[in-house]
Amino acid sequence: MEDFYIIHEDEVQEIRSALEDSSLASAAEKIQDYINQLDKVTLNVAVTGESGSGKSTFVNAFRGIGDEEQNSAPTGVVETTMKPTPYPHPKYPNVQVWDLPGLGTLNFKADTYLEQVDFERYDFFIIIASERFKASNVELAMQIQKMKKRFYFVRSKIDDSIRAEKRKLTFDQAKVLNQIRDDCVKGLQENGVESPKVFLISSFEWGCYDFPLLEATMEKELPKHKRNILLLALPNMTLEINQRKREALQADIWKMALLSGTVAAVPIPGLSVVVDVSILVKEITRYYKAFGLDEESLQNLSARTGVPLEELKSGLKSPLNKEINADVVIKLLTKAAGASMMFVEYLLSNVPVVGSMAAGGISYGTTYYMLKNCLDELADDSQRVLLKAVKQSEV
Ligand SMILES: Nc1nc2c(ncn2[C@@H]2O[C@H](COP(=O)(O)OP(=O)(O)OP(=O)(O)O)[C@@H](O)[C@H]2O)c(=O)[nH]1
Ligand SMILES: [Mg+2]
């Protein structure tokens, strides 16, 4: 059987323990709680650093939008922000990126600065410098540490530094990046940070340099229940993020299949499937949102990469890009019912507890199979769009 059909062992264990220790109804209730919580998880990211270092530009890039849109943080030669300003993510409003006043603006003293910006509120801090890190950056980092919060040193505007160095005949990108990194690390060490890590990024070339590493590090260091929201909210700028989004969403499929087959499930005429279609519509919409396939996200991607919108859209193959509603889901279930027989058999033999479920293993298997197909279709579309964006903008 293809890999496609195989459920991961962890997942089988999770399904077993959800169903074996309790009734189907209470397993469904637990899943419902989990889903309700998903909607409530908040993430507050603080962006700080010297004036002009690129804080506001970073805030916008983080949310996948440009610098000149309606809800963008103002960038460039503008009056510096005097108080912490929240910028909600356009699609995940529970994710807020806070543009903090630059160090130096509030008559900065590291100990009072954190009080002034309400440090308790943030999950972690990004400290940005566009040159070497100064003593004030370090002082702030130490205070943040004392408050038991995390921070990341980010050296911005790497594209600028690379462009300047490119004029030299002996240009070697890896070498230049190492020099910048070493210089930042040295500056931090001189100010008393023991083994500093510095991420080199460009807010204009979000998928390049150390951004993927920064993303992976932030995610790893967040508490478990906050990891997915960070991952799903991030702009789809690298194949790696795309793949990890796919995995994170896939890990929820069994829960959605189980839930949709219990609480408010009704028989679908002509099918041996009992399901609550609205849960499935919501879940597939969640995929669509996470992969940035909507018009607005594609427009933003086009603006950022300079690849024409139509060119990006030519990567969209799934009919789900046109509409996701109850009729569409019922059609997909009908299709899946015909094609999922082998999968259902596999499922029943590997996860026997599913077979004894009140709503029946067939319903569960069909729904699982259908969601997995939708997820793969949308993830593949998003991957194709991303490859077009990357390929063309590099030329
Ligand atoms: N090339 C390049 N320019 C950048 C980058 N990030 C910011 N800039 C530019 O640097 C300038 C200052 O950026 P802002 O984001 O406004 O900086 P800020 O830290 O918010 O500034 P204040 O709010 O005044 O403290 C703007 O002209 C940006 O376009 C980057 O990654 N690459
Ligand atoms: Mg600013």
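Residues numbered from 1 in each chain as written. Chains lettered and ligands numbered in written order. Predicted model: local features only at pLDDT ≥ 70, side-chain atom pairs only at ≥ 80, totals over all residues. Heavy atoms only, no water.

## A short note on the packing of aromatic side chains
The geometry of two aromatic rings is summed up by the distance between their centres and the angle between their planes.
Link 1 in the chain: On inspection of all chains with the given rule, the structure shows 10 aromatic pairs.
Link 2 in the chain: When the centroid spacing of 6.2 Å and the interplanar angle of 65° are considered together, the rings of Tyr 152 and Phe 199 count as edge-to-face. Of this pair, Tyr 152 sits in strand S5 (residues 150-155) while Phe 199 sits in strand S6 (residues 198-200); the two residues are 47 residues apart in sequence, bridging distant segments of the chain.
Link 3 in the chain: Ring geometry for Tyr 364 versus Tyr 368: centroids 6.3 Å apart, planes at 45°, classification tilted. You can see Tyr 364 and its partner Tyr 368 sitting in helix H18 (residues 361-394), four residues apart, about one turn around the helix.
Link 4 in the chain: By relative accessible area, Tyr 368 is classed as buried at 2%.
Link 5 in the chain: Aromatic ring contacts, followed pair by pair, group Phe 58, Phe 62, Trp 206 and Phe 211 into a single cluster.
Link 6 in the chain: Seen from the ring of Trp 98, Arg 121 lies directly overhead, with NZ or CZ sitting 4.0 Å from the centre.
Link 7 in the chain: A cation over an aromatic ring shows up here: Lys 289 above the ring of Tyr 92, its NZ or CZ 4.5 Å from the ring centre. (Phe/Tyr/Trp six-rings, centres within 6.5 Å; stacked < 30°, edge-to-face > 60°. Helix = DSSP H or I, 4+ residues; strand = E, 2+ residues; numbered from the N terminus. Buried < 20%, exposed > 50% of the residue type's maximum accessible area, 1.4 Å probe, protein only. Lys NZ or Arg CZ within 6 Å of the ring centre and 35° of its normal.)

## A few points about the domain arrangement of the protein chain
Link 1 in the chain: On domain assignment, one finds that the protein chain holds domain 1 (3-39 + 236-394) and domain 2 (41-233).
Link 2 in the chain: Placing a centre on the C-alpha atoms of domain 1 and another on those of domain 2 gives a separation of 34 Å.
Link 3 in the chain: Across the boundary between the two partners, domain 1 contributes 19 residues, which contact 17 residues of domain 2.
Link 4 in the chain: Summed over both sides, the interface of domain 1 with domain 2 buries roughly 1700 Å², with 53% coming from carbon and sulfur.
Link 5 in the chain: Per-residue buried area on domain 1 facing domain 2 is highest for Arg 244, Lys 289 and Arg 304; these three make up 31% of the total on that side.
Link 6 in the chain: Along the contact surface separating domain 1 from domain 2 lie three salt bridges.
Link 7 in the chain: The closest approach of N and O atoms between Lys 91 and Asp 294, which form a salt bridge, is 3.3 Å.
Link 8 in the chain: If you look at where domain 1 meets domain 2, you find 10 residue pairs in polar contact (both at pLDDT 80 or more).
Link 9 in the chain: Of all the secondary structure elements, the ones that give two or more residues to the side of domain 1 that touches domain 2 are helix H2 (24-40), helix H10 (239-250), helix H12 (277-290) and helix H13 (295-305).
Link 10 in the chain: Top contributing element to the side of domain 1 that touches domain 2 by residue count: H10, with six residues. (Domains from an automatic or database assignment. Contact = heavy atoms within 4.5 Å. Buried area = accessible area lost by both parts, 1.4 Å probe. Salt bridge = Lys/Arg side-chain N within 4 Å of Asp/Glu carboxyl O. Polar contact = N/O pair within 3.5 Å; in protein donor to acceptor, adjacent residues only side chain to side chain.)

## With respect to the environment of His 89
Link 1 in the chain: Relative to the helices and strands, His 89 resides in the loop between strand S2 (85-88) and strand S3 (95-99).
Link 2 in the chain: Judged by relative accessible area, which is 4%, His 89 ranks as buried.
Link 3 in the chain: Setting aside its immediate chain neighbours within four residues, His 89 contacts Arg 63, Val 95 and Ala 233.
Link 4 in the chain: In terms of polar contacts, His 89 uses its side chain to reach the backbone amide nitrogen of Lys 91, at 3.0 Å.

## Here we look at the site of ligand 1
Link 1 in the chain: Around ligand 1, 17 residues are found, and the nearest of them are Lys 55, Ser 56, Thr 57, Gly 76 and Asp 159.
Link 2 in the chain: Taking Ser 53, its main chain carries an N or O atom lying 3.2 Å from an oxygen atom of ligand 1.
Link 3 in the chain: Contact with the protein chains covers 86% of the free accessible surface of ligand 1, which is 650 Å².
Link 4 in the chain: Those elements that place two or more of their residues in the shell around ligand 1 are helix H3 (55-62) and helix H6 (158-166).
Link 5 in the chain: Within the shell around ligand 1, the residues separate by chemical class into one nonpolar, 11 polar and five charged. (Near = heavy atom within 4 Å. Areas by Shrake-Rupley, 256 points an atom, 1.4 Å probe, with all protein chains shown as cover. Nonpolar A, V, L, I, M, F, W, Y, C, P; charged D, E, K, R; others polar.)

## A closer look at unusual backbone geometry
Link 1 in the chain: Phi angles above zero are rare outside glycine, and Lys 148 is one such case at about 60°.
Link 2 in the chain: Inspection of the secondary structure puts Lys 148 in the loop between helix H5 (135-146) and S5.
Link 3 in the chain: Judged by relative accessible area, which is 76%, Lys 148 ranks as exposed.
Link 4 in the chain: The backbone of Lys 157 sits at a positive phi, close to 60°, despite the residue not being glycine.
Link 5 in the chain: Turning to its location among the elements, Lys 157 is positioned in the loop between S5 and H6.

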